[in-house]
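# Structural description and commentary
Chain by chain, the residues run as shown.
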Amino acid sequence: MLLEDLKGPRFQLSPGPSSTMWLFLTFFLLASAAQDGDKLLEGEECVPHSQPWQVALFEHGRFNCGASLISPRWVLSAAHCQTRFMKVHLGEHNLRKRDGPEQLRSVSRVIPHPRYEARSHRHDVMLLQLARPVHLTPQVRPVALPTRCPRPGEACVVSGWGLVSDNEPGTTGSPTSQVNLPDTLHCANISIISDASCDKDYPGRIGNTMVCAGVQGGGTDSCEGDSGGPLVCKGALQGIVSWGDVPCDTTTKPGVYTKVCHYLEWIRETMKSN
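The present account deals with the structure reproduced in this document. Fair warning: this is a prediction, and the values are worked out from it, not measured in the lab. (Residues numbered from 1 in each chain as written. Predicted model: local features only at pLDDT ≥ 70, side-chain atom pairs only at ≥ 80, totals over all residues. Heavy atoms only, no water.)

The subject of this paragraph is the environment of Ala155. As for its placement among the helices and strands, Ala155 is situated in strand 9 (residues 155-160). Separated by 35 residues in the primary sequence, Ala155 and Ile190 place their C-alpha atoms 6.1 Å from one another. Leave out the neighbours within four places in its chain, and Ala155 touches Ile190, Ser191, Cys233 and Lys234. (Helix = DSSP H or I, 4+ residues; strand = E, 2+ residues; numbered from the N terminus. Contact = heavy atoms within 4.5 Å.)

Turning our eyes to something else, we now look at the pattern of salt bridges. Applying the stated rule across the entire model yields two salt bridges. When the shortest N-O distance is used, the salt bridge between Arg96 and Asp183 registers 2.9 Å. Of this pair, Arg96 sits in the loop between strand 6 (87-90) and strand 7 (103-112) while Asp183 is found in the loop between strand 11 (179-180) and strand 12 (186-193), placing the two residues 87 residues apart along the sequence. The class of Arg96 is exposed, set by a relative accessible area of 54%. The class for Asp183 is partly exposed, based on a relative accessible area of 29%. Between Glu154 and Arg148 there is a salt bridge; the shortest N-O distance is 3.0 Å. By relative accessible area, Glu154 is classed as buried at 6%. (Salt bridge = Lys/Arg side-chain N within 4 Å of Asp/Glu carboxyl O. Buried < 20%, exposed > 50% of the residue type's maximum accessible area, 1.4 Å probe, protein only.)

This next bit is on unusual backbone geometry. One non-glycine residue, His121, adopts positive backbone phi at about 70°. Take His121: it is sitting in the loop between strand 7 and strand 8 (126-130). We classify His121 as buried; its relative accessible area is 4%. Backbone geometry places Lys234, a non-glycine residue, at a positive phi of 50°. Here Lys234 is to be found in the loop between strand 15 (230-233) and strand 16 (236-243). The class of Lys234 is exposed, set by a relative accessible area of 69%.

This part takes up the nonpolar core. Membership of the largest hydrophobic core comes to 34 residues, with the highest contact counts inside it found for Ile70, Leu76 and Ile267. Setting aside its immediate chain neighbours within four residues, Ile70 contacts Leu76, Leu127, Pro142, Val143, Leu145, Leu237, Ile267 and Met271. Counting residues in hydrophobic clusters, the runner-up holds 11 residues, among them Ile190, Val211, Ala213 and Val241. (Core = buried A, V, L, I, M, F, W, Y, C linked by side-chain atoms within 4.5 Å.)

Any link to function would need more than the numbers given here.
Here it is in structure tokens:
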């Protein structure tokens, strides 16, 4: 893959000073087609419009990140996805086709969490206010905010247009594994990992505002391009795709998500005052 390929509408490195890890990932991808921080490997194409809250964020016509619709006028994403010129696409399934239910909106206000830290990934959450409300349809509707925090072992779904792998089951880590950038939204079934287990994988890096999710043995999780997207457990938005280990198609470590339940007051107060 040429460097120019990484600049096209199907791929964009997450912006911001989010450490040398993100820069390293770009060059690692050139060599072995793998990456960190936001991945959706070993997943399958979602049933079209089965995740009606799924948002695609674009900058200057290029796909940048995922996000979640939480009200007719508000979208929730990761702070590291912030760019100057964002457009919100809703009702999407295939990003290269127009199927009819798509809605496009401009962003009138970008509000990253005031305590966001790029280096540590802490408080990696951002609200986007839409210039005008969306029309609620079967293909475009908000996801519920959680009423409690996620529990270890809880079944969840992560979705996005990030890198996917063609590894066969049991071949995680194969030197012949390939990853590619799909046109269609992909989903993966994963589970909440306990804080104690996650801390063993990322010693000293997991804060109480983060939650880990994945599958036993790795290979299924979010990847490059899924950043900012939803982790939905029992119908509630419990996580925002934030960061993880590299390379994401061979690691056995879980992905790390912003824990939405810790930000409910900030979300509601911010929406109320704007």
